[in-house]
Amino acid sequence: MGLCSSYGMINVNYNELLPKVVEKLGSGGLFLTSGTERPNTMVIGWGSVGIYWNKPVFIVPVRLSRFTHGLIEEAGEFTVSVPFGDMKAELAFCGTKSGRDVDKFRELNLTPVPGQKVKVPVIGECDLFYECKVIYKQTMNIDILEDVSRNRFYKSGDPHTMYYGEIIACYKK
Ligand SMILES: Cc1cc2nc3c(=O)[nH]c(=O)nc-3n(C[C@H](O)[C@H](O)[C@H](O)COP(=O)(O)O)c2cc1C
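As the structure is a computational prediction, the values presented were derived from the model and not from experiment. (Residues numbered from 1 in each chain as written. Predicted model: local features only at pLDDT ≥ 70, side-chain atom pairs only at ≥ 80, totals over all residues. Heavy atoms only, no water.)

Caption draft 1: Local environment of the site of the ligand. The local shell around the ligand holds 21 residues, among which Pro61, Thr68, Lys97, Ser98 and Gly99 are the closest. A distance of 2.5 Å separates an oxygen atom of the ligand from a polar atom in the side chain of Thr68. Ser98 is positioned such that a nitrogen or oxygen atom in its side chain is 2.7 Å from an oxygen atom of the ligand. Protein coverage of the free-state accessible area of the ligand, which is 650 Å², stands at 80%. Most atoms of the ligand, that is more than half of them, are within 2 Å of grid points of the largest pocket. At the level of elements, strand S4 (40-44), strand S6 (55-63) and helix H2 (67-75) are the ones that each hand at least two residues to the shell around the ligand. In terms of residue count, the dominant contributor to the shell around the ligand is S4 (four residues). Here the shell around the ligand is built from residues that sort into eight nonpolar, nine polar and four charged. (Near = heavy atom within 4 Å. Polar contact = N/O pair within 3.5 Å; in protein donor to acceptor, adjacent residues only side chain to side chain. Areas by Shrake-Rupley, 256 points an atom, 1.4 Å probe, with all protein chains shown as cover. 1 Å grid on protein atoms, 1.4 Å probe; cavity = no way out; pocket = protein on both sides within 12 Å on 5 of 7 lines; lining within 4 Å. Sits in = over half its atoms within 2 Å of the grid points. Helix = DSSP H or I, 4+ residues; strand = E, 2+ residues; numbered from the N terminus. Nonpolar A, V, L, I, M, F, W, Y, C, P; charged D, E, K, R; others polar.)

Here's what the structure looks like:
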């Protein structure tokens, strides 16, 4: 563990606080941020952390229609910011408004804290952070998904691209 002095961050192992991450995925969601010139953040309620190609990886599912999709394609990097406290209003806003129409950081007064190893910032109001570099991606083939989920989530198409982000930094407040 090292202290990342300027913002009072403490490095943690990528797997140290996973129960909290999974809990938040299922209740409220996490902030997925990308974009280097003008950062943008959206909410994800799905995702996973594990090992691929001997590396710690955060997989995030992003529908083709999201503004974030283009940002990750362009940047090849993203960050995940996990709120431990109540950020209901921010999650509601970032999970419904698009960065195409509004600057969410400015609108909500969110603090973009510069990444340690990526050009994408994390959200200063959150508590746990992952910096990720895309090492693989795969857009879903909706046709081979089981019927119940296909009918529930993909009536109008718009599949998710699963971005496999190698976790190159992980820290908490
Ligand atoms: C609780 C919650 C979970 C969400 N999970 C996802 C997700 O896993 N993948 C996704 O593509 N969109 C998800 N969304 C929707 C996006 O956050 C939303 O469409 C957002 O406005 C996209 O922003 P953008 O266009 O700026 O990228 C979720 C929304 C909420 C409220």
